[in-house]
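Spelled out, the chains give:
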Amino acid sequence: MKLLTLFIIFLWLRTNVKGDCVMRGECGVFGGFEKACYYNGPALPVLDGLTPEERDTTLEIIERRCPFLLYDENDNRLPDDQVLACCDSAQLADMARSLLMADGVLGRCPACIRNFQRQICELNCSPDQARFVEVNTTTESDVTYVSEVHYRVYNDFMIDAHASCAGVIVPQTGMPAINMMCGEAPVCDADAFFGFTGDTSSNPLAPVQVNFLRWPTPEDSMNARAPPCNETSFDDFPCSCVDCFSVCPSGNEPYVPEMCTVASLNCAAFSIGLIVCIITVGIFTFLTVREAKKYRQSSSQNMPKPLQPKTPKLNMMQRMFQKIFSIIGGFSANNAVLTIMLTSWLAFAALFGVFQLNLTANPLELWSSPDSTSRADFNYFNSRFGPFYRTAQVYMQIKGLDSFEFNNVTYGPAFRLEAIEELVRLEDAILNIGRDNGRVTLEKVCFAPLRQRGGEQLLDQCTLMSVSIYLGSNRNNINNQTYLNQITGCVNNFYGLDCLASWGGGSEPEITFGGFDGDDIFSADTLLINIPIANHLLQADLEPALEWENNFLELMHEYAANGKPDFVEVTYAAERSIEDEIERVSVAEAVPIAISYVLMFVYVTISLGNIRYCKTWFVDSKIMVALGSITVEIIAILCAMGTMGYAGITLTLLAINVIPFFVLSVGIDNVFLMVNTIHSIESNLKSYDDYKPDMSLEQKRKYVFSKMMGKVGPSMFVASVTQVTCFGIGALANFPAVVTFSVFACISLGFLFVFQITTVVAILSLDYKRASQNRFDIFCCIQKKNLDDENPLTSETPRVSLTQKLMEPYAKILLNWKVKIFVAIVFIGMLVASIFLIPRIEIGLDQEMALPQDSYVYKYLQSVSELLRLGPPVYFILKSGLNFTNTEHQNLICGGQLCNDDSLIIQIFLAAQHEEITYISRSSNSWLDDYFDWSSLQGACCKYNVTDGSFCQSSDMSPECLNCVIERDEETMGLRMSAEAFNHYLPFFLQDTPTETCSKGGLASYFNGVNYILDSEGRASVHDSHFMAYHSPLSTSHDYITAVRYGYEVSHNITAMIKERTNLDVEVVPYSIFYVFYHQYLTMWRDTFSSIGYCLIGAMIFNLIASGFNVLTTFAVLCTTIMVVVNMMGVMYIWSIPLNAVSTVNLIVSIGIAVEFCSHLAYAFATSSVAKEDRVEDALKTVGATIITGITFTNIPVIVLAFSYTEIIEVFFFRMFFSLVVLGFLHGMIFFPVFLSYLTNMKSI
């Protein structure tokens, strides 16, 4: 028991007696560093024997770096002669200088830097140093010095000190600052953080090997308390939100409204669908009951059918339209040659414009509206900061090599030595492009941030990001024993001393490696090569870059085909790749589209003729009519192209491929209608009161064609004008490609309508004359009078087609009251189901859809989506208006100490904390915060030339370059420079190259990101600047659209904050390279429904006018058209067709096609000469066959588009056009007659 008591007393004395040291003072330089002397004695007064000047300097260092030495256990200030330490003033001065670098990394957070300083001070100067420090000594040249230190640090201090620094970021990169102080450790935990400080093998600045020992007990370890980052001491300012999340304002989470659902259906869709269901069921129930009541009354009274009038009752508007088109038809038929000549002259005049037509495959010109907000931001960025650099990128996925383990860390295949050596081999080949054959070399076109304007072009200045940067000068001689340590260190700190490239920056790990899960970069299976290429606004300046990119692609094509090893799968692309592939594919798409045209021509040729017998085939066939009609339609398309050439409207190859298909289908429909109407009139000539049997052939021809155009002209007019209107509305879309598509279709349909009522009528007139004279088709010089006595060619017996024969029984079955009820139920169900499905339609247009799956660009885009773990950069552009010498204005922007908790940087930082919502993965860099830090590192960064006061690089050691003395601002307690100094030294900061001693130099990161104006005295006034953050990896359209949405939301919030605090109209706008393509999707639903609404209004107006304000038929057509559009949107969800400008235009097209299916039937109904209750049946008999053969069957060749090379054709043209034809047929031939029948019966009751 006595022995235990004595041992406890001994321990108490050992831990409480002050004055034990194990080292003190400096013995000399050994191994390039000053070494501490071994000293086994008490701590000595550190201020004794100093001159007043030295005393003041030493006290200033102690107060700033080791303030705990000045206070006793009760926090009372010690007298100067009682300030004891195990170090002297020279050691303190050296320690202060060595901490300057730590200030540059950790100094943004006072609690962090104080904790870091504390462990350094305790190690070197603590009065009871021996309690927790043990040393190994070495004697050399009769001098014994400390060669190794064992430093016991209490576990709690290590954990808490590391935690206080974990949130501090490097403004240049947005990465954690402690990554720069963890060396080659795979994980930057507390042990790695402290261990790197004294590890001479990995830290070239460590003077002696210090082994940090995490100790479990406080009695025999350095056990000072490490305050968390949200605590302050010694009048420090608190850490900012950016560097210490615990001080961030609460309630900063982005608001994401919950989706209201009922039974997994969108609430709005469910409500609308339910209302529509109730209303439609109610209406059709009412109509059915009324019709049944009428049917029972007529049956019980056995009422006879009223006599059918011989002529229909037409209103004034209908008679006017019939008169106009009758005149046109009569003139064109009677003056066929003149009509063809006149229209030919018009066509020739328009065709010359084709030679002036501009074609484009540029994605920016295709999919970005020049008037959009995002395009304005794009143009602003380009004009103020230069266009965003072009990119040449390679993905090398290592498929044939296994993962491996090294130093208890599992590395993926990308870290295998042979994989890295292969990357270096390929990279060397890329760097040498053009050197052997005198072509453009990389240094002529590369992005070089350190290159002075007009300076010498060197390859070392070119930005290149790959794992080879981590290997430095050893890239071509990789050491198998050490390369992993080098790479690991650079992954944690790519701005580390050994990781900076010759171009002034480092290689971001997330764009150096790919194909890893989460944050585990070391499991990567893909290596990347990133080569930014300088971009230019003028095409002439881009020519060298385009040539180099072309040579790069040739090299990569050859490498992928013959040069790569078996364990590598390579994908690649250059900036020009997408445009090149779109152009190539647009040409290739002509093959399936041409096949569909041929099939359509064959069908028309066979079906158009009214062939009575095999013997009369050569007379009855209409091959020349078919050929002439299709030629006219092609000429109409060429005239539209010529008109666009004259107008200077750029056209796309996509439109040239697709529009002819649509125009041909519409045009052939009208030809069928005209031909069938001619046959119908000829078959019933005697039923017309004004027909005279003794008419000559010319008179008869004029009469027949006048009647024909009087009958079909108004419905053709309604359909054509509706389609033109719909495409005109489509021209209001946000996508230029869709605008030109719509304008092209609009003009084509306009020319087509004019040519059809003139030229096609003239062609039919000539064919009518040929057939009347029994001349052969094609070989019209051959004439036959009789084939035999029984069937003379002049027989007027009409041939009725099978389709026409089926119309009568079909109409009777369809209009049966039981069938009508079934039809109503089915179509109401389809309508309601489609309404339920509409909100589930995806929005967007993935780039891959424009490319075939065998394209190298398609594979590259898949690699970007699946393997890349960092999204594209996003720039928040701060426009002019703020005074950066004003502290209050500085606080609106910066992210460090004293900055507002809703400043620009902090708002972006908080958005990045909710990456899963905002898709912003990394906080932005900040030239302002780095400028503050740069100016505060006295003696490390700012230098000037004493001869003329000009700028000197911080690395310049020439005698005429001295350290700046930057005046500090008293209002900020010296944290920032004065207003005068801010303007004076800003150009110095932006020209300073980052170095080992001054990593804050702004040349590489900010020179092109800050625009300023110099006055006559060389003082800079900031105009505008940008702050760069990063988006999350983006793979789907939803990702891109969400990223755009929150990019603009953050910008709007920052702009509102500046307005609120300063009452200045200073705008902050976001910019990323993809914003111009995806911004319009933010209003996609609104734009779609407004466009459809305008088109429906246009369709209603023209139908009303053409029908003589017949409300009944117009209402029926409009309701049916709406149902077709709604059902098309339902099909879009079922068939995975996303909503975008292309599909919106197709929905608009569906309005025109639906009107096409209904208008002919509606006009036939309105002009029918039978009783009201029989008009629907009569209309079906009259034009039903034409709708089937002329509209439905002529669109069958659309099936060929299912075999298109690209998804964009297959999805948006095959799927949508095929669905449109089916839905148009079903609604036009089934629902519309039934609905019209109900409305007619209701009106007649």
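The numbers attached to residues start from 1 for each chain and follow its sequence in the written order. The model is predicted, so local features are restricted to residues of pLDDT at least 70 and side-chain atom pairs to those at 80 or more, both for listing and for counting; the totals for chains, interfaces and linings are taken over all residues. No hydrogens and no water enter the side-chain calculation; it runs on all heavy atoms of the structure.

A closer look at the packing of aromatic side chains
Think of it this way: a Phe, Tyr or Trp ring, Trp meaning its six-membered ring, pairs with another when their centres are within 6.5 Å, and the plane angle makes it stacked under 30 degrees, edge-to-face over 60, tilted otherwise. Tallying each qualifying case throughout the model produces 58 aromatic pairs. Summarising the aromatic geometry, the rings of Phe 415 and Phe 513 are spaced 4.6 Å apart at their centres and angled 15° between planes, so their arrangement reads as stacked. A residue pair is termed long-range when its members are at least 10 positions apart, and Phe 415 in the loop between β15 (409-411) and α12 (417-431) and Phe 513 in strand β16 (residues 513-514) qualify at 98 residues. This pair shows no difference in class: Phe 415 is buried, exactly as Phe 513 is. Centre to centre, the rings of Trp 927 and Phe 1027 are 6.5 Å apart; their planes meet at 25°, and the pair counts as stacked. Pair noted here: Trp 927 is in helix α30 (residues 927-936) and Phe 1027 is in strand β26 (residues 1020-1031), with a separation of 100 residues, a long-range link. Of the two residues, Trp 927 and Phe 1027, neither departs from the other in class, the shared state being buried. Chaining the aromatic ring pairs together yields one cluster made of Phe 378, Phe 381, Phe 385, Phe 388, Tyr 389, Phe 447, Tyr 875 and Tyr 1071. Above the face of the Tyr 1238 ring, Lys 820 is positioned so that its terminal group lies 4.6 Å from the ring centre. In this scheme, Lys NZ or Arg CZ marks a charge over a ring once it lies within 6 Å of the ring centre and within 35 degrees of the ring normal. Over the ring of Tyr 380 we find Lys 879; its NZ or CZ atom is 4.5 Å from the centre of that ring. By the criteria applied, helices consist of DSSP H or I runs no shorter than four residues and strands consist of E runs no shorter than two, each listed in order from the N terminus. Each residue's exposure class comes from its accessible area (1.4 Å probe, protein chains only) as a fraction of the maximum for that residue type: buried when under 20%, exposed when over 50%, partly exposed otherwise.

With respect to the packing of helix α28 (residues 904-912) against helix α33 (residues 1037-1062)
Working convention: axes come from line fits to C-alpha atoms, limited for helices to the stretch in contact. Angles between N-to-C directions cover 0 to 180 degrees. Their axes nearest at 10 Å, the elements α28 and α33 cross at an angle of 150°. Accordingly, the angle class assigned to the pair α28 and α33 is roughly antiparallel. Where α28 crosses over α33, the handedness of that crossing is right-handed. Side by side, α28 and α33 meet where Leu 904, Gln 907, Ile 908 and Ala 911 of the first sit next to Val 1050, Asn 1053, Ile 1054 and Met 1057 of the second. Gly counts as polar in this scheme, as do all residues outside two lists: the nonpolar Ala, Val, Leu, Ile, Met, Phe, Trp, Tyr, Cys and Pro, and the charged Asp, Glu, Lys and Arg. Taken together, the residues that form the contact of α28 with α33 break down as 6 nonpolar, 2 polar and no charged. By the definition adopted for this analysis, an angle is roughly parallel if under 35 degrees, roughly antiparallel if over 145, roughly perpendicular if from 65 to 115, and oblique otherwise. For a crossing to be left-handed, the near helix must be turned anticlockwise from the far one by less than a right angle; the clockwise case is right-handed. For this analysis, residues touch if any pair of their heavy atoms sits within 4.5 Å.

Description of the packing of helix α36 (residues 1111-1134) against helix α37 (residues 1141-1166)
In a pair of packed helices, the angle between the axes and the distance between the axes together describe the arrangement. Running from N to C, α36 and α37 point in directions that differ by 145°, and their axes come no closer than 9 Å. Crossing of α36 against α37: the hand is right-handed. Contact residues: α36 offers Leu 1112, Thr 1113, Val 1117, Thr 1120, Thr 1121, Val 1124, Val 1125, Met 1128, Met 1129 and Met 1132, while α37 offers Ser 1143, Leu 1147, Ser 1150, Ile 1151, Ala 1154, Val 1155, Cys 1158, Ala 1162 and Phe 1165. Broken down by class, the residue content of the contact of α36 with α37 amounts to 14 nonpolar, 5 polar and no charged.

Some thoughts on unusual backbone geometry
Phi is mostly negative for residues that are not glycine, and the peptide bonds are mostly trans. With a phi close to 55°, Asn 407 is a non-glycine residue in the positive phi region. Summarising the element assignment, Asn 407 is placed in the loop between β14 (404-406) and β15. Using a relative accessible area of 57% as the deciding quantity, one classes Asn 407 as exposed. Positive phi is not limited to glycine here, since Ser 1136 has a value of about 55°. Along the chain, Ser 1136 turns up in the loop between α36 and α37. The exposed category is assigned to Ser 1136, whose relative accessible area is 56%.

Here we look at the state of the cysteines
Only a pair of cysteine sulfur atoms within 2.5 Å counts as a disulfide in this structure description. One pass over the structure, following the stated rule, counts 16 disulfides. Across a sulfur-sulfur distance of 2.0 Å, Cys 87 and Cys 125 are joined as a disulfide pair. Here the disulfide of Cys 87 and Cys 125 is right-handed, its torsion about the S-S bond being about 110°. Separated by 38 residues along the polypeptide, Cys 87 in the loop between β4 (84-85) and α3 (89-106) and Cys 125 in helix α4 (residues 110-125) bring together distant segments of the chain. The exposure classification of Cys 87 matches that of Cys 125, with both residues buried. Each disulfide pairs two cysteine sulfurs, and for Cys 229 the partner residue is Cys 244, the sulfurs being separated by 1.9 Å. Judged by the sign of its S-S torsion, about 65°, the bond between Cys 229 and Cys 244 is right-handed.

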